[in-house]
Amino acid sequence: MTEDDRTLRYPHPAITPGEFEEFVAGELLGAAGSEVDDLVVTVHEKIVGADGAYDFDATVRYRFAGMAFLVVVEAKLHRNPIKRELVQVLHQKIHSVGAHKGVMVATSPYQSGAVEFAAAHGIALVTVTESRFLFATRDTATARPTFVAHYSGGAGSRGLVLSADDDDHAACVATFLLGQPA
C-alpha cells in the first residue's frame, strides 16, 4: 500500500483551515517542548526575508546546545495531492528568511516530484489523516476524532506514523520535524 492509498482512503478532516493550522502548531509541533529548550510555536508569524515579507502558517523557534533555531511551517488543508511547486516555494522562503528547516504538513498526499524535491533539500513532509480511533475527554462524554501524522523523510529514510499517544512522540517530532541536531 502506497502513501497515496493510505491517505486517500480516509475522509477529509472536517475542520477549518484555521483549526488545522492550530492543530499543526499546537498539538503536532508543540509536542517537542520536552525535548528542546525555549520552544516557541507561533501561528501566522510574519518574517522579513531578503526578498520580502512572508506570513508563515506557523514558525517554531527553539534552543538546543546553546544555539537558536528557526523552523518555518506551511499547513495545507487540501483535497488534491500536493505538487512539487508548493514545496519549491517553501524552499525559496526558507532561504530568504534564513530558516534552519522547513516543514510542510498537508491533509493530502504528495506527488512524487514533491517528495523527491523535499528529500533533496531537507524539507520534512507530513500527511495528516483522521485516525480510526476515538477518545473521550475527561470532563465531557463526547468523543472526537484524533489525528495521525504520516512522516516520510525521503529516499533512504524510514517512514513514521506520529501519534500523540506514543511514548517517543516528542522525541520524534524534535528529531524528524524540527531537525534537532544529534
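Right above here is the structure, for reference.
The structure displayed is predicted, hence computed values, not measured ones.

**As for the pairing of strand β3 (residues 67-76)**
At step 1: With eight of its ten residues buried, β3 lies for the most part within the structure.
At step 2: With seven bridges joining them, strand β2 (residues 52-64) and β3 adopt antiparallel strand pairing. Note that in β3 the partner of Tyr62 across the bridge is Phe69.
At step 3: Two successive antiparallel strands, β2 and β3, enclose a turn made up of two residues, where Ala65 displays a positive phi of approximately 55 degrees.
At step 4: Relative to strand β4 (residues 101-106), β3 is paired through six bridges, and the arrangement is parallel. Residue pairing in the sheet places Lys76 in a bridge with Ala106 of β4.
At step 5: Handedness of the crossover joining β3 and β4 through helix α3 (residues 84-97) is recorded here as right-handed.

**As for the nonpolar core**
At step 1: The biggest cluster of nonpolar side chains holds 24 residues, and the ones touching the most others in it are Val24, Leu29, Val73 and Val105.
At step 2: Going through the elements one at a time, α2 (17-29), β2, β3, β4, β5 (124-136) and α5 (169-177) are the ones with two or more residues in this core.
At step 3: No other element matches the six residues that α2 contributes to this core.
At step 4: Beyond its immediate chain neighbours, meaning those up to four positions away, Val24 contacts Leu29, Val73, Ala75 and Val105.
At step 5: Counting 19 residues, the second largest nonpolar core, distinct from the first, contains Ile94, Met104, Ala114 and Ile123.

**Details of the packing of α3 against helix α4 (residues 112-121)**
At step 1: At their nearest, the axes of α3 and α4 sit 7 Å apart, and the two run at 25 degrees to each other. Here α4 runs roughly parallel to α3, going by the angle between their axes. Crossing hand, α3 versus α4: right-handed. Listed contacts from α4 to Arg84, Val87, Gln88 and His91 of α3 are Gly113, Ala114, Phe117, Ala118 and His121.
At step 2: Along the lines of polarity and charge, the residues of the contact of α3 with α4 split into four nonpolar, four polar and one charged.

**What about α3?**
At step 1: Compared with an ideal rise of 1.5 Å per residue, which puts 14 residues at 20 Å, α3 spans 20 Å between its outermost C-alpha atoms and is within 8% of the ideal.
At step 2: Two residues or fewer after α3 comes Gly98, characterised by a positive phi angle close to 75 degrees.

**Notes on the environment of Arg84**
At step 1: Its location among the elements puts Arg84 in helix α3.
At step 2: Taking C-alpha positions, Arg84 is 8.4 Å from Ala118, a pair spaced 34 residues apart along the chain.
At step 3: Excluding residues within four positions of it along the chain, Arg84 makes contact with Gly113, Ala114 and Phe117.

**Quick word on unusual backbone geometry**
At step 1: At Asp38, a residue that is not glycine, the phi angle is positive and equals roughly 55 degrees.
At step 2: With respect to the helices and strands, the residue Asp38 is situated in strand β1 (residues 37-49).
At step 3: A positive phi angle, near 55 degrees, is found at Ala65, a position not held by glycine.
At step 4: By secondary structure assignment, the location of Ala65 is in the loop between β2 and β3.

Definitions and cut-offs
Residues numbered from 1 in each chain as written. Predicted model: local features only at pLDDT ≥ 70, side-chain atom pairs only at ≥ 80, totals over all residues. Heavy atoms only, no water. Buried < 20%, exposed > 50% of the residue type's maximum accessible area, 1.4 Å probe, protein only. Helix = DSSP H or I, 4+ residues; strand = E, 2+ residues; numbered from the N terminus. Pairing = 2+ DSSP bridges. Right-handed = clockwise from strand over helix to strand, strands pointing away. Core = buried A, V, L, I, M, F, W, Y, C linked by side-chain atoms within 4.5 Å. Contact = heavy atoms within 4.5 Å. Axes fitted to C-alpha atoms, helices over the stretch in contact; angles between N-to-C directions. Parallel < 35°, antiparallel > 145°, perpendicular 65-115°, else oblique. Left-handed = near helix turned anticlockwise from the far one by under 90°. Nonpolar A, V, L, I, M, F, W, Y, C, P; charged D, E, K, R; others polar. Expected span 1.5 Å × (residues − 1).

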